[in-house]
Amino acid sequence: MAPPRWRRTALACLLSSAVAAAMPGAAMAGETRCPGADAVGEPEVPVGSAVAARRHLGALVAASLERSQALGAVRLLAEAAAADVDEARAGAGVQAGLAAGLVPTYTAPAGVPARSALPGTASLSVSQLVYDGGRTGLLVDWRRGLADAARHAENGAADQVALATVLEALELSRVDALGRLWQQHAQTMACLVQSLEAIVSADRGRASELVQARKTADEVELARRDIESLRRQVQLRLRKLVGEVPVDPAGLLQALPPSPPVEALLAEADRAAEIAQLDAQAAALSRYAEAVDALRRPQVSWVVAGQVQADTSRLSGNDRVSGITLGLNVSLPLLAPAVAPAADAARRRAGAAQAQRDEALEQRRSRIGEAHEQMRAAAERAERVLAVLERSDQVRQATRQQWQQLGRRSLFDVIASESEHHALRLARVNALHDAQQLAASARALGRGIAPLLSADAGAE
């Protein structure tokens, strides 16, 4: 709900009437109007187009995804895992090999003339696995599961980069709004000091009020400078994510659509990239355990081999030998004591991966519930502060009038009412941004942030 536009006030104008009534000599100084004094009536958070803000935030997320080196590294790992699948699949294809050799020999038997030879051999073999108890297929499934896990890890890394960008953008919106409020408060205090200087020039007995006003103005200025420094820090962090893309914080608070009920968020928890990654890992380890157990089964392959051997030192036809072999190779392990414990270890790892998946899902649901409750409390706090702000403005207005017209209030009362009203405005800005950041975190624990940044996401 957009905050109402507060009644515009100008402290300098109110003080000028007091100066004119009490001290005619100071009337001209009291009529001075401070620049920006009316800005106190501006809303705490600017309201803009939700669609435009959503598109702007989506552009920032796209820039951060393009720029992230960490995401690029995870993407390369996913591509490597996909190549591993092709490697495992190729193990069941036709294999061919060519070998050649040249081995000089020298023989000198007793009573026989010595003889040297330079035989050369060349062989070509073609083979293919026919049956291995399903082990190759299981290894392909194992590699495919690891590739799926790597792909989900890439999606999870992208979600984390997107969430970091959204949170930093909302933080920039927060410090931008806080900076404007502190600037308005500093202008109000400066205007109060200016008016009191005119009063004290005619009535030295009010000098203590001027000292107090200057002290408060100095404190406000210190706080304003701190906010400016914080703004620059947030800008640096955001620039690290998105690069030199210009960021407009105005209206970003309206970028994300309203958060759904907690039940819908909890139902989306198992669709998270992290949970899908753990599912794929558990399934892959289960296939690997079956592949290890398949080592006990026989393996059958066919082979065709051709060989040519010749003595290159003597080129007579009798010194050449050639042949072709065609047959089946059968291998049956008779004693393999290491297979059973290896298969058992693989099955236990698969069970551990499934348990980790269940634990991660439970923790994610707990974090969603906690974030949603914090978001609800922050949104409720913002609504309550809004109601208190209306009464605070009435108190502030009455305190000013009683001080400048009736003399029933001191300057300390005026400063206290202004400070309390300013603190409430700060609290509203913080509560609104806390609620939105918590909502983004809760949505990121489900299907992620990226689906929320389309222009029509508000209609979901």
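Heads up: the structure comes first, above all this text.
Remember, it's a predicted structure, so these values are computed and weren't measured experimentally.

1. Here's the deal with the overall build of the protein chain
Then, number 1: Within the protein chain, the regular secondary structure consists of 10 helices and six strands.
Then, number 2: For the protein chain, the residues scored as buried account for 40% of the 460 residues in total.
Then, number 3: By sequence separation, contacts in the protein chain at least 24 residues apart represent 84% of the contacts at least 6 residues apart.

2. A few points about helix 8 (residues 273–293)
Then, number 1: Across its 21 residues, helix 8 extends 31 Å between first and last C-alpha, which sits within 8% of the 30 Å expected from 1.5 Å per residue.
Then, number 2: Listing the buried residues of helix 8 in full gives Ala273, Ile275, Ala276, Leu278, Ala280, Ala282, Ala284, Ala289, Ala291 and Val292.

3. Digging into helix 3 (residues 50–67)
Owing to its 3.6 residues per turn, the α-helix aligns residues three or four sequence positions apart on the same side.
Then, number 1: With 18 residues, helix 3 ought to run about 26 Å at 1.5 Å a step, and its terminal C-alpha atoms sit 26 Å apart, in line with that.
Then, number 2: Along helix 3, the positions that sit buried rather than exposed are Ala53, Arg54, His56, Leu57, Leu60, Val61, Ala63 and Ser64.
Then, number 3: In this structure, the buried residues of helix 3 make contact with helix 5 (135–202) and helix 6 (207–242).

4. Brief notes about the side chain of Glu168
Then, number 1: By the element assignment, Glu168 lies in helix 5.
Then, number 2: With a relative accessible area of 17%, Glu168 lands in the buried category.
Then, number 3: With residues up to four places along the chain from it excluded, the contact list for Glu168 reads Val234, Arg237, Leu238 and Leu241.

5. A closer look at the packing of aromatic side chains
Then, number 1: As enumerated under the stated definition, the model contains one aromatic pair in all.
Then, number 2: Note on Trp142 and Tyr288: the rings are 4.6 Å apart at their centroids and 40° apart in plane angle, and the pair reads as tilted. In this pair, Trp142 sits in helix 5 while Tyr288 sits in helix 8, placing the two residues 146 residues apart along the sequence.
Then, number 3: Owing to a relative accessible area of 30%, Tyr288 belongs among the partly exposed residues under this scheme.

6. Section: the pairing of strand 1 (residues 94–102)
Then, number 1: In terms of residue burial, strand 1 counts as a barely covered element, since only zero of its nine residues are buried.
Then, number 2: Pairing between strand 1 and strand 4 (residues 119–131): nine bridges, direction antiparallel. Residue Ala96 lies in a different strand from strand 4, and its bridge partner there is Val126.

7. Comments concerning the side chain of Ser301
Then, number 1: Considering the arrangement of structural elements, one finds Ser301 in strand 5 (residues 299–311).
Then, number 2: Ser301 gets classed as buried once you look at its relative accessible area, which sits at 18%.
Then, number 3: Those residues in contact with Ser301 that sit more than four places away from it in its chain are Gln128, Leu129, Val130, Gly327, Leu328 and Asn329.

8. Considerations on the pattern of salt bridges
Two side chains carrying opposite charge are able to pair once their charged atoms lie near each other.
Then, number 1: Counting across every chain of the model gives 28 salt bridges.
Then, number 2: One salt bridge connects Asp148 with Arg151, and the closest N-O pair in it is separated by 3.7 Å. Residue Asp148 and its partner Arg151 are both found in helix 5; the two are separated by three residues, about one turn of the helix.
Then, number 3: When its relative accessible area of 39% is taken as the criterion, Arg151 is described as partly exposed.
Then, number 4: One salt bridge connects Arg231 with Asp176, and the closest N-O pair in it is separated by 2.6 Å. Here Arg231 is found in helix 6, whereas its partner Asp176 is found in helix 5, with 55 residues between them in sequence.
Then, number 5: Where salt bridges share partners, they join Glu171, Arg174, Arg381 and Asp434 into one cluster.

Rules behind the numbers
Residues numbered from 1 in each chain as written. Predicted model: local features only at pLDDT ≥ 70, side-chain atom pairs only at ≥ 80, totals over all residues. Heavy atoms only, no water. Helix = DSSP H or I, 4+ residues; strand = E, 2+ residues; numbered from the N terminus. Buried < 20%, exposed > 50% of the residue type's maximum accessible area, 1.4 Å probe, protein only. Contact = heavy atoms within 4.5 Å. Expected span 1.5 Å × (residues − 1). Phe/Tyr/Trp six-rings, centres within 6.5 Å; stacked < 30°, edge-to-face > 60°. Pairing = 2+ DSSP bridges. Salt bridge = Lys/Arg side-chain N within 4 Å of Asp/Glu carboxyl O.

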